[in-house]
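# Structural description and commentary
Each chain is listed here by its residues.
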Amino acid sequence: MGELAGANSVAPQLLLGYAMRFMTFLLILATSHPSAAQSLVEELAIEVAGRSREFAYTNKQTAYFYGETSSEHKNAWQGFNASGTKFLDDYAIWVDGKKLNRATARTIVYPDYLKRMYANGIVEELRLADSVALFSITVTSPKATSIQVFPIFKRHRGLKGLTLVARQKGILLGRRDLLEKKNGMPAWLGMHGVGLSPEINPTKSPRPVSELVLSSRNRTVHRIAFVAANSVDAGEGMLASYLESPEIFHAARRTRMETLLQQTYVETEDRRFNKTLAWAKLSLDALIMNQRGKGIFAGLPWFNDYWGRDTFISLPGATLVQGRFTDAKEILRSFATFQQTDSTSSNYGRIPNRVTTTDIGYNTADGTPRFIMMAREYVERSGDTAFVREIYPTVFRSIEGTLKYHADTLGFLTHGDQETWMDAAGPKGCWSARGNRANDVQALWSQQLRAGIWFAVRLSDSTSARQWNEQLLLLEKNFLRHFLSKGIVADHLREDGSRNISLRPNQIFLAPLLPEGTRSRILHSVFNNLTYEYGVASLSQNDENFHPYHQHEPLYPKDAAYHNGTVWTWLQGPVISELCYFGKQDLAWKLTENTVRQILDRDAVGTQSELLGALARPGENQPRASGTFSQAWNLAEFIRNFYDDYLGVTVSLLNHHLVLHPMLPKAFGSIKATINLNGRALPIEILKSQDSTVVTIDGQNLRKGGTVEVVFPTDHEGSIRSVFTISPYSIAILKLRASSLTLYSNEVNRNDFSSAQVSKFRSQELDSLRFAHPTLLPGLKSLAGPEYHLMSHDVVKITNRKAVRVALASDPLGDDVGTGAYQYPLSTNFVIGSLDITRFSVAHDVRNVYFTLKFHSLSNPGWHPEYGFQLTCVAIAIDEDGIRGSGKSFVAHNANYPLEEVHAYEKLILIGGGVQLEDKSGKILCAYTPTANDVNNPLGSAETGTVSFAVPISYLGKPSKKWTWTVLVGAQDDHGGAGLGEFRNVNKEGSEWSGGGKKSSSEPNVYDVLNVVGK
């Protein structure tokens, strides 16, 4: 059904027409891409009006600044961070004695810097420098002014815990807790500026917010730089280098961004989409860091490290579809170095789940398959054949380790409850347990095997190729038999072989294991039941375990909802891919359009949050954003969807093959795109008119030419597919009219041009795709609350100075060493002394029992300001009768502490992210879970080292002076999901988040013990 125009077979007028089209195309190329004088970055400006929005900038290495556009910092995550440590919360500026009020400023956010414009022509700019852990504040004004800058530190208004060194070219503050570690990590915050005068304990400053003030007088331009460094000399040197020529740093940062956008230039007729795509590229590029080798931060602010699963979900959008092959290779190499190579370990062959500045963890089943899949895709796209041999030992170990430790007799990959991407856990285990064979893990395992076979064949490892192929065939055969039944796909198989059929989105990943008819039914199920116009839910709203809101204290901790209803924005990526595969791109566009609104108009500027609540709360018109404010994998999927699915372009430099299969939403209209091939440009243009479509492929940078495959939807049901060979340095122009595709070019190999109709797959399910309607169904368990009584903040924080004291005891300082040699976890969030109780008292009146616990110090990382402290766990075992054996003599909750029989308890109070009272059988009698509104009078205070609360006598009973109290103190572990938590593990060797110093695993996880007899 094709027509070929050649030099010897066409009329002169046709050649003339071709020549005119060719000249028009060249003119378009010359005018459609901005010149070097035009700034693509400048055009991306977003002005923030109304409420403040979050923003963040990184230095592409280890540092970032996270703040608010139109207010002072709002949470403890915000500030200046480097190598996993926060050095500064924020800063405040006074000009000529008056504070600059950010709420009144006109704020414009550019991808490379932030500008606030105040009254009287005063302008403030915040900039980060690439490669060095440095940011600067520049204040300009039409006339000379004097300014004062107050750095705001974690330690509130004081400089406690900091060592001050004054140098000629800067003042430097050392974090004593970091300096003691002597691990080469940044421990100093340096500050300097031209004409800058630092002052400690200022007495003349208006309403000081810090004991340190940085002053600069009688200038029109004031510039102050802040740097995180691992020594005083290094900090002073970096400050001097920057302040000598700041414009060089600014220009280099802008040029990097301009180059990225030029190399991957995209223009559709939807200008908002164009702007969003550019922002997504730059926001994602900002997460490609060099903290421990090249890697991708999973998300800001708290996933500021490398996660294997997240990295390799993100890799296509972050690097491969953008032709950034060097970055892709470095990231693959980086993770390969962390592979577990100990063949005696059950993690043998695994790629890490998480790589931090101090730790490596392997607790994931899906990170390794995704790594192997991406290694193959990198080679195919880049043509880097040398990498095949380099990476093959990693590939080999990954498969052999799985076969040795994690494969069952059915060919499935087995794993723990918490080893899929739905990994949130609490004290009672995984909130979304999917052990021991999840459906998506089996699909990934099949692709890992396929990739392994692909590598083995290229290196003539026929033995491995044959064995792995046998495993693949076994897996494929048994998957359909055990996971599919009556059209329903099991989410996972339990250890006993029973099927869990919870309706979750994981089945959207099963395409490699399914026939096309089943694949379309799965799309229908996921789309109609789980996909709202704003994203894909992690559990059906019809499920009894559905949680409509991510954070909804005190009814449940946020991790309970994390994978049980919450919308994950990255999941729309595979759903859009499936919709485009089946020709439903305009339906897919609605999901993309919502992402455009989120990135441009709401929440963090120029990026997208990790999560949305499944449903909007009563009285609100959209679900609340939640999780990290900027998440790598959803930005990556947004980018990948454009290239892989909407534009439908794939270049294999390995096979010299170009595929163009566009599924363009109507909103795009005509489109121009430059495909980046590691610095070489491949412009593609699709011009749509009323009766035809013209596709132009400029292969002038395809040095070896290659095969081109174009598949384009027609006006009829189906597509037309054309294949031809393009010569090096040539241009191909194809015109589609109705069902006929014509090639206009004298520079391609015409002898092998072919064109044919491709029928479209049809199914009843595809005709009835409808977005799920968000509905809050009655009777949800998650909203019913617990069976026990929830105490209110007013009840727990009531006080009575006249209450009768029944117990009082002191405990010496420095005895928080457990059985003799316990050390705190290595993370600097654990303040020394926060596990050391020094005083305990109990009093009561006719209504309540009042508790006060004093510690040497307390930690307050600020993750939950409503708690007032964190990372300390306390158990108070109360013996009411003194009768041997009448109570419970073992304290669980991971304290694992044996009590003397004579002090066995009848009641147990647990203190961490709240308060809980239970009896000796473990039945919870009452509990208190803090909410955001409790921040003004929290449970504990890190400033005073005190935790105080009350429990009603109606639940605890009236204390007697004969009662005895055993107070156990350890590190608290809420498993990252808030809530009460439990005692944190102490191991033989300490790590970032586990204590060390145990001689035997049977020893308790308790650092300090205080025995109190009533008085």
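In this text the structure is predicted, and so the values were computed from the model without any measurement.

### Observations regarding the overall build of the protein
For the protein, the count of helices and strands is 20 helices and 61 strands. In terms of overall dimensions, the protein is globule-like: its C-alpha atoms have a radius of gyration of 31 Å, near the 31 Å expected for 1015 residues. Overall size of the protein, expressed as C-alpha extent along the three principal axes, is 110 × 75 × 55 Å. Looking at the protein as a whole, 60% of its 1015 residues are labelled buried. Here the contacts in the protein between residues at least 6 apart in sequence split such that 67% fall between residues at least 24 apart.

### Some thoughts on the packing of helix H5 (residues 271-285) against helix H15 (residues 585-601)
With their axes 9 Å apart at the nearest point, H5 and H15 run at an angle of 65° to one another. In terms of orientation, H5 lies roughly perpendicular with respect to H15. Here H5 and H15 pass one another in a crossing that is left-handed. Residue-level contacts link Arg272, Phe273, Lys275, Thr276 and Trp279 of H5 to Trp589, Thr592, Val596, Arg597, Ile599, Leu600 and Asp601 of H15. Here the residues of the contact of H5 with H15 sort into six nonpolar, two polar and four charged.

### Let's talk about the pairing of strand S44 (residues 730-737)
Buried residues dominate S44, accounting for seven of its eight residues. Two strands pair when backbone bridges link them, and strand S41 (residues 693-699) and S44 are joined in this way by seven bridges, in the antiparallel orientation. Across the sheet, the residue bridging to valine 694 is lysine 735, located in S44. Here S44 pairs with strand S45 (residues 740-744) via five bridges, running antiparallel. By the bridge assignment, lysine 735 is partnered in S45 with threonine 742.

### Here we look at the packing of aromatic side chains
All chains considered together, the criterion is met by 53 aromatic pairs. Judged by centre distance (6.2 Å) and plane angle (55°), the ring pair of phenylalanine 840 and tryptophan 965 falls under tilted. Taken together, the positions of phenylalanine 840 in strand S49 (residues 837-844) and tryptophan 965 in strand S59 (residues 964-973) put the pair 125 residues apart, joining distant regions of the chain. A relative accessible area of 0% means that phenylalanine 840 is categorised as buried. In this structure an aromatic cluster arises from ring pairing among Phe55, Tyr57, Phe65, Phe80, Tyr91, Phe135 and Phe226. For arginine 127, the ring lying beneath its charged end belongs to tyrosine 113, and the centroid distance is 3.8 Å.

### A look at the nonpolar core
Where a protein is soluble and globular, its nonpolar side chains tend to be buried together. With 199 residues, the main nonpolar core has Phe80, Phe135, Phe226, Phe642 and Ile675 as its most contacted residues. Among the elements that line this core, the one with the most residues is helix H10 (residues 439-458), at 10 residues.

### Considerations on helix H14 (residues 572-581)
Residues spaced three or four apart along an α-helix face the same direction, because each turn holds 3.6 residues. Within H14, nine of the 10 residues are buried, leaving the element largely enclosed by the surrounding structure. Directly after H14, the chain includes glycine 583, whose backbone phi takes a positive value near 75°.

### Description of the pattern of salt bridges
By the definition in use, this model includes 45 salt bridges. In this structure, the salt-bridge partner of arginine 167 is glutamate 236, at a minimum N-O distance of 2.9 Å. Taken together, the residues span a long stretch of sequence, with arginine 167 in strand S13 (residues 162-167) and glutamate 236 in helix H3 (residues 232-244) at a distance of 69 residues. The class of arginine 167 is partly exposed, set by a relative accessible area of 35%. In the salt-bridge network here, residues are joined through shared partners; they are Lys60, Asp130, Arg253, Arg256, Asp285, Lys294, Arg324, Asp327 and Glu330.

### A closer look at the sheet that holds strand S26 (residues 437-438)
Reading across the sheet, the three strands line up as S26-S29-S30 and stay open at both edges, with antiparallel pairing between neighbours. The open sheet has two free edges, formed respectively by S26 and strand S30 (499-500), since each of these has just one partner strand.

### Digging into the confidence of the model for the protein
Per-residue pLDDT for the protein averages 92, and the proportion of residues at 70 or more is 93%. Counting contacts from residues 1-32, a segment whose pLDDT is below 50, to residues more than four positions away or on other chains yields 53 contacts.

### Section: the packing of helix H7 (residues 325-336) against helix H8 (residues 367-382)
At a minimum axis separation of 11 Å, H7 and H8 run at an interaxial angle of 150°. As judged from the angle between their axes, H7 and H8 are roughly antiparallel. Handedness of the crossing formed by H7 with H8: left-handed. Mapping the contact onto sequence places Phe325, Ala328, Lys329, Leu332, Phe335 and Ala336 in H7 and Phe371, Met374, Ala375, Tyr378, Arg381 and Ser382 in H8.

### Quick word on the side chain of asparagine 528
Mapping asparagine 528 onto the fold places it in helix H12 (residues 516-530). Of note is the side chain of asparagine 528, whose polar atom sits 2.9 Å from the backbone oxygen of serine 768. Apart from the residues within four sequence positions on either side, asparagine 528 is in contact with Ser768, Leu769, Arg770 and Ala772.

### Regarding unusual backbone geometry
Between glycine 435 and asparagine 436 the backbone carries a cis peptide bond, its omega angle lying at 0°. Following the sequence through the fold, asparagine 436 ends up in the loop between strand S25 (429-430) and S26. A cis geometry characterises the amide bond from glutamate 553 onward to proline 554, with omega recorded as 10°. Relative to the elements of secondary structure, proline 554 occurs in the loop between strand S32 (535-537) and helix H13 (558-562). For serine 131, which is not glycine, the phi dihedral falls at a positive 75°.

### Structural notes on the sheet that holds strand S6 (residues 85-88)
Spatial strand order, S3-S4-S5-S6: four strands in an open sheet with antiparallel pairing. Every other strand in the sheet has two partners, leaving strand S3 (54-58) and S6 as the edge strands with one partner each. Neighbour to neighbour, the strand axes of the sheet diverge by 25° on average, direction disregarded. One ladder, built from four bridges, connects strand S4 (residues 63-68) with strand S5 (residues 79-82); its direction is antiparallel. What sits directly across from phenylalanine 65, in S5, is phenylalanine 80.

### Some words on the environment of phenylalanine 80
Inspection of the secondary structure assignment puts phenylalanine 80 in strand S5. Linking phenylalanine 80 and threonine 58, residues 22 residues apart in sequence, is a C-alpha distance of 9.7 Å.

### Let's talk about the environment of threonine 964
Along the chain, the position of threonine 964 falls in strand S59. Judged by relative accessible area, threonine 964 falls into the buried class, the value being 9%. Distance in space between the C-alpha atoms of threonine 964 and asparagine 894 is 22 Å, their sequence separation being 70 residues. Leaving out residues up to four positions away in the same chain, threonine 964 has contacts with Ala877, Ile878, Asp879, His903, Val1012 and Val1013.

The rules behind these values
- Residues numbered from 1 in each chain as written.
- Predicted model: local features only at pLDDT ≥ 70, side-chain atom pairs only at ≥ 80, totals over all residues.
- Heavy atoms only, no water.
- Helix = DSSP H or I, 4+ residues; strand = E, 2+ residues; numbered from the N terminus.
- Rg over C-alpha atoms; globule rule 2.2 N^0.38 Å.
- Buried < 20%, exposed > 50% of the residue type's maximum accessible area, 1.4 Å probe, protein only.
- Contact = heavy atoms within 4.5 Å.
- Axes fitted to C-alpha atoms, helices over the stretch in contact; angles between N-to-C directions.
- Parallel < 35°, antiparallel > 145°, perpendicular 65-115°, else oblique.
- Left-handed = near helix turned anticlockwise from the far one by under 90°.
- Nonpolar A, V, L, I, M, F, W, Y, C, P; charged D, E, K, R; others polar.
- Pairing = 2+ DSSP bridges.
- Phe/Tyr/Trp six-rings, centres within 6.5 Å; stacked < 30°, edge-to-face > 60°.
- Lys NZ or Arg CZ within 6 Å of the ring centre and 35° of its normal.
- Core = buried A, V, L, I, M, F, W, Y, C linked by side-chain atoms within 4.5 Å.
- Salt bridge = Lys/Arg side-chain N within 4 Å of Asp/Glu carboxyl O.
- pLDDT = per-residue confidence, 0-100.
- Polar contact = N/O pair within 3.5 Å; in protein donor to acceptor, adjacent residues only side chain to side chain.

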